Amino acid sequence: MAAKNGAIKLVAGNSNPKLAEAIGAYLASPLTKAVVRRFADMEVFVEIQENVRGSDVFVVQSTSFPTNDHLMELLIIIDALRRSSASRITAVIPYFGYARQDRKPGPRTPISAKLVANLITTAGADRVMTLDLHAGQIQGFFDIPTDNLYASPLMVRDIKEKFDVGTVTVVSPDVGGVARARGLAKRINAPLAIVDKRRERAGESEVMNVIGDVQGRACILVDDIVDSGGTLVNAAEALLAQDATAVYAYITHGVLSGGAVARITASKLKELVITDSIQPTEAVRVAKNIRVLSIATLIGEAIGRTASEESVSSLFD
Ligand code: R5P
């Protein structure tokens, strides 16, 4: 890209070095030499091995599994940069862990997303850049500028390449995700359906009701996170039971904990498409029905624009 990156420095933690390298390649800005390692007792130690005085520094680190270790690395890298006189520090967090704890689900419970936002700010971040936050209002948990990017342009491009969009119905796998799914449906001019998961009586198993007509349609489930894969696999079954021709899923963050990859591989889901906001494991890479789209260009472009004080939102017009 054009020379927007004169003073940009990119620093990577250990969560997603491949993505950080790809962002660096896009910006023609190699990663700043840094050591992020552990002492024998697993305390995190960071040493920035290049001068960053006066630099506009972007720290690329997802707070993905092991979440607490990666969060701690992020905080300590930011502290090291602040004490090294970087002029501005942007925490680039492609996957923001703890986002699902964004309200009190019951008495005497924490709002961990707010606590994590406070920690990042206190460590010394001047800005935050993230992707498909679980809830957009988490931006308000930060009192520093926060850009929430969207993977949807990438997904829309891929869907238009792979599908005859006239045959597609976009589906939200739960009621909470309707706004996200509706946004994507609008961009490809497709109808919307919703899987409504309900437990009629305590002790009875959940019933999946499909709202909308999916008979004879290729269904694309859209969500922000696939974790255990339970939501996805159950929704796929409910759609096929209503005579959908095939079920696919486009989900930004492949958390894929525990046996999720095996569950998805064994499921009736034709294909799950995720991004590399979380570095794909070997199991993900070899899974026959999981494909990964890279967000490196999107994040690289947003970093370049931030550095040169250009509009980031216009990336999504
Ligand atoms: C929930 O609100 C999220 O949008 C996802 O639907 C959820 O995190 C998926 O979790 P799992 O894959 O464990 O069902």
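Refer to the structure above for everything that follows.
In short, a report on the structure. (Residues numbered from 1 in each chain as written. Predicted model: local features only at pLDDT ≥ 70, side-chain atom pairs only at ≥ 80, totals over all residues. Heavy atoms only, no water.)

## What about the overall build of the chain?
Now for step 1: For the chain, the helix and strand inventory stands at 9 helices and 14 strands.
Now for step 2: Whereas a compact globule of 317 residues would reach a radius of gyration of roughly 20 Å, the chain reaches 20 Å, a difference of no more than 12%.
Now for step 3: The principal-axis extent of the C-alpha atoms belonging to the chain is close to 60 × 50 × 35 Å.
Now for step 4: Here the chain holds 317 residues, and the buried ones make up 52% of them.
Now for step 5: In the chain, the proportion of contacts linking residues at least 24 apart, taken out of those at least 6 apart, comes to 62%.
Now for step 6: Approximately 14500 Å² of the chain is accessible, and the part contributed by carbon and sulfur atoms is 50%.
Now for step 7: Charge separation in the chain, taken as the distance between the mean sites of 35 positive and 35 negative side-chain charges, equals 1 Å. (Helix = DSSP H or I, 4+ residues; strand = E, 2+ residues; numbered from the N terminus. Rg over C-alpha atoms; globule rule 2.2 N^0.38 Å. Buried < 20%, exposed > 50% of the residue type's maximum accessible area, 1.4 Å probe, protein only. Contact = heavy atoms within 4.5 Å. Areas by Shrake-Rupley, 256 points an atom, 1.4 Å probe, with all protein chains shown as cover. Lys, Arg positive; Asp, Glu negative; His and termini not counted. Charge placed at Lys NZ, Arg CZ, Asp CG, Glu CD.)

## A short note on empty space enclosed by the protein
To find the voids left in a structure, one rolls a probe of water-molecule size over its atoms.
Now for step 1: Taken as a whole, this structure holds 1 cavity of 30 Å³ or more when the rule is applied.
Now for step 2: There is about 40 Å³ of room inside the largest cavity.
Now for step 3: Every residue lining the largest cavity is listed: Tyr 95, Phe 96, Ala 99, Thr 130, Leu 131, Asp 132, Leu 133, His 134, Asp 224, Ile 225 and His 253.
Now for step 4: Among the secondary structure elements, those contributing two or more residues to the lining of the largest cavity are strand 6 (127-131) and strand 11 (218-226). (1 Å grid on protein atoms, 1.4 Å probe; cavity = no way out; pocket = protein on both sides within 12 Å on 5 of 7 lines; lining within 4 Å. Points joined across faces, edges and corners; volume = space filled by probe spheres on them.)

## Side note on the site of the ligand
Now for step 1: Around the ligand, the surrounding shell consists of Arg 100, His 134, Asp 174, Asp 223, Asp 224, Ile 225, Val 226, Asp 227, Ser 228, Gly 229, Gly 230 and Thr 231.
Now for step 2: Contact distances for the ligand include 2.8 Å between an oxygen atom and a backbone N or O atom of Asp 227.
Now for step 3: Alone, the ligand offers 370 Å² of accessible surface; in the complex the protein occludes 79% of this.
Now for step 4: Given that more than half its atoms are within 2 Å of the pocket grid, the ligand belongs to the largest pocket.
Now for step 5: Put simply, the parts of the chain that give the shell around the ligand at least two residues each are strand 11 and helix 6 (230-241).
Now for step 6: Ranked by residue count, the leading element in the shell around the ligand is strand 11, at 4 residues.
Now for step 7: For the shell around the ligand, the residue count by class is 2 nonpolar, 5 polar and 5 charged. (Near = heavy atom within 4 Å. Polar contact = N/O pair within 3.5 Å; in protein donor to acceptor, adjacent residues only side chain to side chain. Sits in = over half its atoms within 2 Å of the grid points. Nonpolar A, V, L, I, M, F, W, Y, C, P; charged D, E, K, R; others polar.)

## A short note on the pairing of strand 13 (residues 271-275)
Now for step 1: With 4 of its 5 residues buried, strand 13 lies for the most part within the structure.
Now for step 2: As judged from the 3 bridges shared by strand 12 (residues 246-254) and strand 13, these two strands associate in the parallel manner. Each residue of the ladder has a partner; that of Tyr 250, found in strand 13, is Val 273.
Now for step 3: Traced from strand 12 through helix 7 (residues 260-265) to strand 13, the parallel crossover comes out right-handed.
Now for step 4: Where strand 13 meets strand 14 (residues 290-293), 4 bridges bridge the pair, whose relative direction is parallel. By the bridge assignment for strand 14, Ile 274 is matched with Val 292. (Pairing = 2+ DSSP bridges. Right-handed = clockwise from strand over helix to strand, strands pointing away.)

## Here we look at the layout of surface pockets
Now for step 1: For the largest pocket, the calculated volume is near 770 Å³.
Now for step 2: Together, 37 residues line the largest pocket, and His 134, Gly 177, Arg 180, Asp 223 and Asp 224 are the ones closest to its centre.
Now for step 3: Those elements that place two or more of their residues in the lining of the largest pocket are helix 4 (152-162), helix 5 (178-188), strand 11, helix 6 and strand 12.
Now for step 4: Here the lining of the largest pocket is composed, by residue class, of 15 nonpolar, 12 polar and 10 charged.
Now for step 5: When its volume is computed, the second largest pocket comes out at roughly 430 Å³.
Now for step 6: Lining the second largest pocket are 22 residues; nearest its centre among them are Ser 64, Phe 65, Gly 254, Val 255 and Ile 278.
Now for step 7: For the lining of the second largest pocket, the class distribution of residues is 10 nonpolar, 10 polar and 2 charged.

## Some details on the environment of Gly 183
Now for step 1: Locating Gly 183 in the fold gives a position in helix 5.
Now for step 2: By relative accessible area, Gly 183 is classed as partly exposed at 34%.
Now for step 3: Distance from Gly 183 to Glu 161, taken between C-alpha atoms, is 19 Å for residues 22 residues apart in sequence.

## Some words on the packing of aromatic side chains
Now for step 1: Applying the stated criterion to the full structure yields 4 aromatic pairs.
Now for step 2: Considering the side-chain rings of Phe 96 and Phe 142, the 5.9 Å spacing of their centres and the 70 degrees angle between planes classify their relative orientation as edge-to-face. Of the two residues, Phe 96 is situated in the loop between strand 5 (88-93) and helix 3 (112-123) and Phe 142 in the loop between strand 6 and strand 7 (146-149); the sequence distance between them amounts to 46 residues.
Now for step 3: On the accessibility criterion, Phe 142 (6% relative accessible area) is buried.
Now for step 4: Residues Phe 163 and Tyr 248 carry aromatic rings whose centres are separated by 4.7 Å and whose planes lie at 85 degrees to one another, so their mutual orientation is edge-to-face. In this pair, Phe 163 sits in the loop between helix 4 and strand 8 (168-172) while Tyr 248 sits in strand 12, placing the two residues 85 residues apart along the sequence.
Now for step 5: Residue Phe 163 is classed as buried on the basis of its relative accessible area of 14%.
Now for step 6: Overall, Tyr 248 belongs to the buried group, its relative accessible area being 18%. (Phe/Tyr/Trp six-rings, centres within 6.5 Å; stacked < 30°, edge-to-face > 60°.)

None of this, on its own, says anything about what the molecule does.
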